[in-house]
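Listed below are the residues making up each chain.
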Amino acid sequence: DYYEIQCRTLPSGAFTTVGTTTVPMFSHTGLTPETQYEYRVRVVATTGPGPYGIVVQGETTPNLDIFNNPYAWFSVANITSAYIVALEATTIEQNGTAIGTLTAGQTLTVPATQFDEFIGTGAFHVQGLISNNWFTLNPNYTVGKSFAYGPIRNNPQRVSVYAFQDSNVTVTAGGVVVGSGFVSANSGTTFTYNITNVYVLVESDGLIMAAQTSNGSVDQTVLMPSAFRLVGFPSNSARVYPTQPGTYWGAGRADGTPFGGGYHEDTSSEGTIDGTGNQYSGDSVTVQASKPVTAASFADSDGSKAAPFLPTGLMTTHFGVPYVVERVTFANDGTPFTITTSNGNTYASGGSAKAQYLRILAAVDRAAGTLFTSDQPVGAWAEPDIQDQDEHILFGFNL
C-alpha cells in the first residue's frame with residue numbers, strides 16, 4: 001500500500017501524479033515562485049486505488065532574498081531588547097550589522113526596536129522584551145496573506161504588519177473595516193482599533209507578517225498563517241478562528257477523546273475549546289478543519305498572553321530557550337516522540353493517536369541556553385521565569 005500525490009497549477013492546470021510515498025509525508029520540489037498549486041492524495045492498495053481526499057491549496061513564496069535564508073526573524077511587535085539563543089554555530093546580523101558569533105547553547109542580549117531584522121548563518125531562537133512584557137518575534141516562515149484572530153480584552157487593540165511586497169492591507173473586526181492602508185515592501189505599520197470579542201481578519205494582497213497586542217502588553221501573539229490542521233494547548237481555554245465561511249472543524253485531545261463529539265460549523269465568530277488544566281498541565285489538542293483556521297490559547301491563570309496554536313506543517317525538531325523558563329511543553333498530532341536536552345536528559349511523550357505531548361519541569365532543563373531535540377516534528381511552548389511570566393510559542397528549526 002502507498003500514497004499517491006497529485007498536483008495541479010492554478011487557475012486551470014490538470015492534476016498529474018507528482019510522486020508516491022509509503023509514509024504520510026512528501027516533499028514536492030522544483031516549484032515555480034509565487035504560484036498557486038492544488039494537491040490531492042489517495043491510498044493505492046493491493047485491491048486497487050481509493051478515492052482522493054479533500055483538495056488543499058498552497059502558494060509558493062516569491063523569489064526574495066529573505067526566503068533564501070532560513071534563519072531570519074523580524075520584530076513585528078514593539079520591543080526594546082532581544083534575547084537570543086543559538087541552536088547551532090551561527091553568526092547573527094541585526095539590520096545588516098554583525099552582533100555576535102555564537103556556538104550552540106550560547107545566549108546573547110542586545111537592544112532592539114520594532115521592525116528590526118535578525119539573520120543568522122545557522123539556526124537560532126529570539127524573544128523580545130519591552131518593560132516587563134515578553135514578545136515573540138516572527139520567523140520568516142510565518143508569512144502569509146490572511147490571518148484570523150479575536151481579541152478578548154484590554155483596548156486599544158493593535159495589529160502590526162511587516163510587508164515583504166508592496167501590499168494593500170485591510171483589518172476587519174466583526175464584519176466592519178477598522179483599518180486599511182498601503183504598506184510598501186520592506187516596511188511595517190500598525191493599525192489601531194477599539195473592539196473586543198469579535199472575529200478579526202487581517203488580509204493583504206502581498207506577503208506580510210503580523211502580530212497582535214492588546215493595550216500595549218496583553219495577549220501579544222504572532223498571527224499565524226491559517227492551516228487545515230493545528231496543534232496546541234488550551235490553557236485554560238483556546239479559541240478557533242475560521243478564515244473562510246462554511247468552515248467545519250473538530251478537535252481531538254491527547255487523552256483520546258474528541259471535543260464536542262465531532263465537527264462544528266462556525267461562520268461568523270470563533271469557537272471555544274475548554275482546557276483540562278491550567279499552565280499547560282492539561283491535554284494538548286489537535287484541530288482539524290475543512291478550510292484553513294487559526295487558534296490561540298487564553299487564560300493561563302498567572303499571565304496575560306495568547307500563545308498561538310501551530311500549523312502541523314510548521315512543526316520542527318530543534319528548539320532552545322534564551323533565559324530561565326518555568327516549563328517547556330511539546331506537542332504533535334499523534335506520533336509518539338522523545339525529547340533529548342543538551343544536558344543529556346530524555347523525556348518521552350504521552351497521549352493518543354489524536355495528540356501527543358510532554359511537559360518538562362526539571363530545573364536543569366529550564367536554564368538559559370538549554371537546547372531541545374525531538375526525534376519527531378513537534379510544536380513547543382514555554383513560560384519565562386523572569387519578568388511577567390507569560391507563555392509564548394517556541395519557534396524551531398529542522399537541523
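Structure's up top.
Read on for an overview of the structure. (Residues numbered from 1 in each chain as written. Predicted model: local features only at pLDDT ≥ 70, side-chain atom pairs only at ≥ 80, totals over all residues. Heavy atoms only, no water.)

1. A few points about the overall build of the protein chain
Counting secondary structure elements, the protein chain contains 1 helix and 36 strands. By the compact-globule yardstick of 21 Å for 399 residues, the protein chain fits well, its C-alpha radius of gyration being 20 Å. Seen through its principal axes, the protein chain has C-alpha atoms that stretch 60 × 50 × 40 Å. Burial analysis of the protein chain (399 residues in total) assigns 53% to the buried set. Contacts spanning at least 24 positions in sequence make up 72% of the contacts within the protein chain whose residues lie at least 6 apart. Counting only carbon and sulfur atoms, one obtains 49% of the accessible surface of the protein chain, whose full area is about 15,400 Å². With 15 positive and 31 negative side-chain charges, the protein chain shows a separation of 7 Å between the mean positions of the two kinds. (Helix = DSSP H or I, 4+ residues; strand = E, 2+ residues; numbered from the N terminus. Rg over C-alpha atoms; globule rule 2.2 N^0.38 Å. Buried < 20%, exposed > 50% of the residue type's maximum accessible area, 1.4 Å probe, protein only. Contact = heavy atoms within 4.5 Å. Areas by Shrake-Rupley, 256 points an atom, 1.4 Å probe, with all protein chains shown as cover. Lys, Arg positive; Asp, Glu negative; His and termini not counted. Charge placed at Lys NZ, Arg CZ, Asp CG, Glu CD.)

2. Describing the pairing of strand 24 (residues 248–253)
Side chains on a regular strand alternate between the two faces of the sheet. Extensive coverage of strand 24 is indicated by the burial of 5 of its 6 residues. Relative to strand 27 (residues 285–298), strand 24 runs antiparallel, the two being bridged by 5 bridges. The residue of strand 27 that forms the bridge with Gly-250 is Gln-288. (Pairing = 2+ DSSP bridges.)

3. A closer look at the environment of Thr-341
If you trace the backbone, Thr-341 turns up in strand 31 (residues 338–341). In sequence terms Thr-341 and Arg-366 are 25 residues apart; their C-alpha atoms lie 9.8 Å from each other. Contact partners of Thr-341, with chain neighbours within four places excluded, come to Tyr-347, Asp-365, Thr-370, Leu-371 and Phe-372.

4. Comments concerning the packing of aromatic side chains
Each aromatic ring pair is specified by the distance between its two centres and by the angle formed by the two planes. Taken as a whole, this structure holds 19 aromatic pairs when the rule is applied. Arranged with centres 5.8 Å apart and planes meeting at 65°, the rings of Phe-319 and Phe-330 form a pair that is edge-to-face. Of the two residues, Phe-319 sits in strand 29 (residues 316–320) while Phe-330 sits in strand 30 (residues 325–332), which places them 11 residues apart along the sequence. Residues Phe-319 and Phe-330 agree in their burial class; the two are buried. (Phe/Tyr/Trp six-rings, centres within 6.5 Å; stacked < 30°, edge-to-face > 60°.)

5. Side note on the sheet that holds strand 10 (residues 107–111)
Taken together, the 4 strands give an open sheet; going across it, the order is 10-7-12-13, and neighbouring strands pair in antiparallel fashion. The sheet is open, and its two edges are formed by strand 10 and strand 13 (133–136), each paired on a single side. On average, adjacent strands in this sheet sit at an angle of 25° to one another, irrespective of strand direction. Taken together, the 6 bridges between strand 7 (residues 81–86) and strand 12 (residues 124–130) define a ladder with antiparallel strand orientation. By the bridge assignment for strand 12, Ser-81 is matched with Leu-129. (Axes fitted to C-alpha atoms, helices over the stretch in contact; angles between N-to-C directions.)

6. Description of the pairing of strand 16 (residues 157–163)
Most of strand 16 sits out of view: 6 of its 7 residues are buried. Both strand 16 and strand 19 (residues 187–193) contribute to a ladder of 7 bridges, which runs antiparallel. Across the sheet, residue Arg-158 finds its bridge partner in strand 19, namely Thr-192. Pairing between strand 16 and strand 20 (residues 200–214): 7 bridges, direction antiparallel. In the sheet register, Arg-158 faces strand 20, and the bridge partner there is Thr-213.

7. Points about the pattern of salt bridges
Think of it this way: side chains of opposite charge can pair up when their charged atoms draw near. The tally for this structure, following the rule as stated, stands at 7 salt bridges. Close ionic contact of Asp-333 with Arg-229 constitutes a salt bridge, the shortest N to O distance being 2.9 Å. One end of the pair, Asp-333, is in the loop between strand 30 and strand 31; the other, Arg-229, is in strand 22 (residues 227–232), with 104 residues separating them in the sequence. With a relative accessible area of 18%, Asp-333 lands in the buried category. In this structure, the salt-bridge partner of Arg-327 is Glu-326, at a minimum N-O distance of 3.7 Å. (Salt bridge = Lys/Arg side-chain N within 4 Å of Asp/Glu carboxyl O.)

8. With respect to the side chain of Gln-356
Turning to its location among the elements, Gln-356 is positioned in strand 34 (residues 356–360). The class for Gln-356 is buried, based on a relative accessible area of 6%. Here Ser-349 takes part through its side chain, which lies 2.8 Å from a polar atom of the side chain of Gln-356. If we ignore the near neighbours within four places in the chain, the residues touching Gln-356 are Ser-284, Phe-330, Ala-331, Asn-332, Gly-334, Thr-335, Pro-336, Phe-337, Ser-349, Gly-350 and Gly-351. (Polar contact = N/O pair within 3.5 Å; in protein donor to acceptor, adjacent residues only side chain to side chain.)

9. Description of the nonpolar core
In terms of nonpolar packing, the biggest core is built from 46 residues, with Phe-118, Leu-310 and Trp-381 touching the most fellow members. If you list the elements that add at least two residues to this core, you get helix 1 (65–68), strand 6 (72–74), strand 7, strand 10, strand 12, strand 20 and strand 35 (371–384). Ignoring any residue separated from it by four or fewer positions in sequence, one finds Phe-118 in contact with Tyr-71, Ala-72, Trp-73, Ala-82, Ile-84, Glu-93, Gln-94, Ile-99, Val-110, Ala-112, Phe-124 and Leu-137. (Core = buried A, V, L, I, M, F, W, Y, C linked by side-chain atoms within 4.5 Å.)

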